[in-house]
Number of protein chains: 2
Amino acid sequence: MRFRLVDNIWDELKRYTVDDNYILITDDNIYRLYKDDIDRLLCVRNNILLIKPGEESKNLENVVKIYDKLVEKNIDRNGFILSLGGGMIGDLAGFAASTYKRGINYVQIPTTLLAQVDSSIGGKTAVNYGGYKNLIGTFYFPVETIIDIRFLKTLSKRDFISGLGEVVKYGIIADYEFFKYIKENLNGIFDKEDNILRYIVGKSVEIKSSIVEKDKFDLNIRHNLNFGHTVGHSIESHFNYEMYYHGEAVILGMLVELKIAYLKGLIGNEYFEEIRALLLSLIESYKFNEDEIDGLIKIMKNDKKNIDRKIAFVLPVGKGKVDTFFDIEEKTIKDAFLTYYRE
Amino acid sequence: MRFRLVDNIWDELKRYTVDDNYILITDDNIYRLYKDDIDRLLCVRNNILLIKPGEESKNLENVVKIYDKLVEKNIDRNGFILSLGGGMIGDLAGFAASTYKRGINYVQIPTTLLAQVDSSIGGKTAVNYGGYKNLIGTFYFPVETIIDIRFLKTLSKRDFISGLGEVVKYGIIADYEFFKYIKENLNGIFDKEDNILRYIVGKSVEIKSSIVEKDKFDLNIRHNLNFGHTVGHSIESHFNYEMYYHGEAVILGMLVELKIAYLKGLIGNEYFEEIRALLLSLIESYKFNEDEIDGLIKIMKNDKKNIDRKIAFVLPVGKGKVDTFFDIEEKTIKDAFLTYYRE
């Protein structure tokens, strides 16, 4: 895995576009925002494939469109797919790259905070199928991932916060000093100060990639990354992926799971309140009613991370430390949902 | 890679069908021939997916049919795809297995000689796309490959010889003693004697898998397996994959490439005649005219194995030994085509 934080992405990409043996995949929004730079980079207009923005584009039909483009341009085994976009574009382009001619080079240029600090790291490619998220996919690593924080300047507030949730998560699961840095620099983060953005993105990439490196195929240690995700996924799914962005659901998920850890006595009051305060500064809490909670628990029971139908939770057990638990009683889970936002 | 030669495939497969967490993929022909055994094995009728026989079934539409079956049966990450068939079924099922939930278990049960000694070994999965053979695919290894020579008894003569070509190839590229064994037991082979079939299949698997083991992603040593294939592929392609089976084209390819080796002085007359005689006992030679030869050379120039547009040939250089050459003159190639079958 090779990651580079660069100052001018367009200069960096030139090395891949000198030979006419590449295609660039991006979405309409990014093309509209960076049209002049992209056109200058590509020289040839038909090397670009534009995908409609939105999660619903992450499907096999678009994979086939990529294959057709690769065939049209006669891209060979030494060719490149340049993937410029958020998680959807990265997952889709990565899947096509991993299956065309049994795998060609691809270069990731993540443009959202969530993609820069999370989805671009870890070699997971995927498309949705038959109503299931990421049902079809491969493990496949890009030749390099190039990160330019300029793209974060044009992100919407919701997209930005969605990514911030994962950034905060890294502090909680692996690095308390980093957690404190985020807490102390929250204003600078929201003001998108260059040096601060560079630091939090770089640090997040460092933490996630060191965890992935130890467990490329997601068999054990990598599970630590799921803090907030058991509850987070159930919230996304319960609201049909419409009400919350992934990162927002994960922030709520972390709040609930943090409360579970506190109720189980895994962490003390002071640390609990410290994390809780930071998470609540990112998002409006939501008051779940009993019916909703029952529905959420039902969804969690079907989570693919479970073993023997017991719900798997990754919970904080100390500063910068988490562990996996399979024996949390339903009552505790309910209590956490009902009280996570209260005093 | 794990290969087992077994005496009763139906007994061996039971361990995979005890839990209702598998599907079996096969083609109509095999199902018709082994219906009773298969029905007894499966218990549940809807765990089977039948594919229409023939290379044209190796496409994305059938991959989608497999996905649908996996979703319908709710196969999870511990589930199995049992792939019972020749190369087409193996390539197709393997591709689906490698991409469903980022890879689930699959078990290969090759039923043709070509699949048992060649296509089931090496972790290459593929489907054809846009008129190109194997354009879409992955490297993915089955949990095990189980071989039962009973399936060879119902093979057509052409299918059997097609596989024999690759068996002979292993002797030529890696093991002269094995080559002699084949030569001396040709009658027993054609009579499909159990002990002889078991020996040649086992030995072929051993040779190919030891080569693949050293070069899983087909970067160097594995190229040795391409003896006969530069010319063989061009013949298949020139006749639109209709006139010759893959293995038959490879036998003709070996004859032509053998002649190139002889013309270049890489091997002596005695060894040349020894190989030539065995290959000519397998197939009727074909007299290529000058126009055909020009067409074949044009196809070879586009082979994906070439470097800098120079045609790559793997040629015998001694008993059980081959090497790769990029500098064979067109005149020598033509001469070989014109004279390979003559005195």
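Caption draft 1: Spotlight on the pattern of salt bridges. A full pass over the atoms with the stated rule returns 54 salt bridges over all chains. Between Lys-301 of chain A and Glu-330 of chain A there is a salt bridge, with its nearest N and O atoms 3.0 Å apart. Placement of the pair is Lys-301 of chain A in helix α14 (residues 290-301) and Glu-330 of chain A in helix α15 (residues 330-339), with a sequence separation of 29 residues. Judged by relative accessible area, Glu-330 of chain A falls into the partly exposed class, the value being 39%. Residue Lys-169 of chain B pairs with Glu-166 of chain B through a salt bridge whose shortest N-O separation is 2.8 Å.

Caption draft 2: A look at the sheet that holds strand β5 (residues 105-110) of chain A. Residue and element names in this part refer to chain A. Here six strands make up an open sheet; going across it, the order is β1-β8-β5-β4-β2-β3 and the pairing parallel. Either end of the sheet is taken by a strand with one partner, and the two such strands are β1 (3-5) and β3 (48-51). In this sheet, neighbouring strand axes are inclined to one another by 20° on average, regardless of whether the strands run parallel or antiparallel. In the packing of helix α4 (residues 60-72) onto the sheet, the strands contacted are β2 (22-27), β3 and β4 (80-85), and the crossing angle to β3 comes to about 170°.

Caption draft 3: Inspection of the packing of helix α4 (residues 60-72) of chain B against helix α5 (residues 87-99) of chain B at higher detail. All names here are of chain B. As a packed pair, α4 and α5 sit with axes 9 Å apart at the nearest point and diverge in direction by 55°. Between α4 and α5, the interaxial angle falls into the category oblique. When you trace α4 past α5, the crossing you get is right-handed. When α4 is examined against α5, the residues Leu-60, Asn-62, Val-63, Ile-66 and Tyr-67 are found in contact with a partner set consisting of Leu-92, Ala-93, Phe-95, Ala-96 and Thr-99. Split into classes, the residues belonging to the contact of α4 with α5 amount to eight nonpolar, two polar and no charged.

Caption draft 4: A look at the relation of the copies chain A and chain B. The transformation that overlays chain A on chain B combines an axial shift of 0.0 Å with a rotation of 180°, and the residual RMSD is 0.0 Å. What we have between these two chains is a two-fold relation. A symmetric contact is evident, with 100% of the interface residues of chain A recurring at the interface of chain B.

Caption draft 5: The arrangement of the packing of helix α8 (residues 176-184) of chain A against helix α13 (residues 269-280) of chain A in detail. All names here are of chain A. Where α8 meets α13, the closest approach of the two axes is 11 Å, and the angle between their N-to-C directions is 45°. Between α8 and α13, the angle is such that the two are oblique. The chirality of how α8 crosses α13 is left-handed. Listed contacts from α13 to Tyr-176, Phe-179, Lys-180, Ile-182 and Lys-183 of α8 are Tyr-271, Glu-274, Ile-275 and Leu-278. The class makeup of the residues in the contact of α8 with α13 is six nonpolar, no polar and three charged.

Caption draft 6: Representation of the interface of chain A and chain B. Counting residues at the interface gives 25 residues for chain A and 25 residues for chain B. Each partner contributes to the roughly 2200 Å² buried at the junction of chain A and chain B, and carbon and sulfur atoms together form 62% of this total. Considering only the surface of chain A that becomes buried against chain B, Arg-102, Tyr-129 and Leu-135 of chain A emerge as the three largest contributors, covering 32% of it. Applying the counting criterion to the chain A and chain B interface returns zero salt bridges. Taken together, the connections running from chain A to chain B amount to eight residue pairs in polar contact (both at pLDDT 80 or more). A per-element tally of the side of chain A that touches chain B places strand β7 (residues 132-139) of chain A first, with seven residues. Each residue belonging to the side of chain A that touches chain B can be placed in one class, and the counts come to twelve nonpolar, seven polar and six charged.

Caption draft 7: Quick peek at the confidence of the model for chain A. Here chain A shows a mean pLDDT of 94. Residues at 70 or above account for 98%. On the interface metric, ipTM, the complex scores 0.90, and its pTM is 0.92.

Caption draft 8: Molecular detail of the pairing of strand β4 (residues 80-85) of chain B. All names here are of chain B. Most of β4 is tucked away: six of the six residues are buried. Of the two faces of β4, the one holding Phe-80, Leu-82 and Leu-84 and the one holding Ile-81, Ser-83 and Gly-85 are both buried throughout. Relative to β4, strand β2 (residues 22-27) runs parallel, the two sharing four bridges. Across the sheet, the residue bridging to Ile-25 is Ser-83, located in β4. Bridging between β4 and strand β5 (residues 105-110) involves six bridges; their strand directions are parallel. Within β5, the residue paired with Ile-81 across the bridge is Tyr-106. Between the parallel pair β4 and β5, the chain is carried across by α5, and the sense of this crossover is right-handed.

Basis of the calculations
- Residues numbered from 1 in each chain as written.
- Chains lettered and ligands numbered in written order.
- Predicted model: local features only at pLDDT ≥ 70, side-chain atom pairs only at ≥ 80, totals over all residues.
- Heavy atoms only, no water.
- Salt bridge = Lys/Arg side-chain N within 4 Å of Asp/Glu carboxyl O.
- Helix = DSSP H or I, 4+ residues; strand = E, 2+ residues; numbered from the N terminus.
- Buried < 20%, exposed > 50% of the residue type's maximum accessible area, 1.4 Å probe, protein only.
- Pairing = 2+ DSSP bridges.
- Axes fitted to C-alpha atoms, helices over the stretch in contact; angles between N-to-C directions.
- Contact = heavy atoms within 4.5 Å.
- Parallel < 35°, antiparallel > 145°, perpendicular 65-115°, else oblique.
- Left-handed = near helix turned anticlockwise from the far one by under 90°.
- Nonpolar A, V, L, I, M, F, W, Y, C, P; charged D, E, K, R; others polar.
- Least-squares fit on C-alpha atoms with pLDDT ≥ 70 in both.
- Buried area = accessible area lost by both parts, 1.4 Å probe.
- Polar contact = N/O pair within 3.5 Å; in protein donor to acceptor, adjacent residues only side chain to side chain.
- pLDDT = per-residue confidence, 0-100.
- Right-handed = clockwise from strand over helix to strand, strands pointing away.

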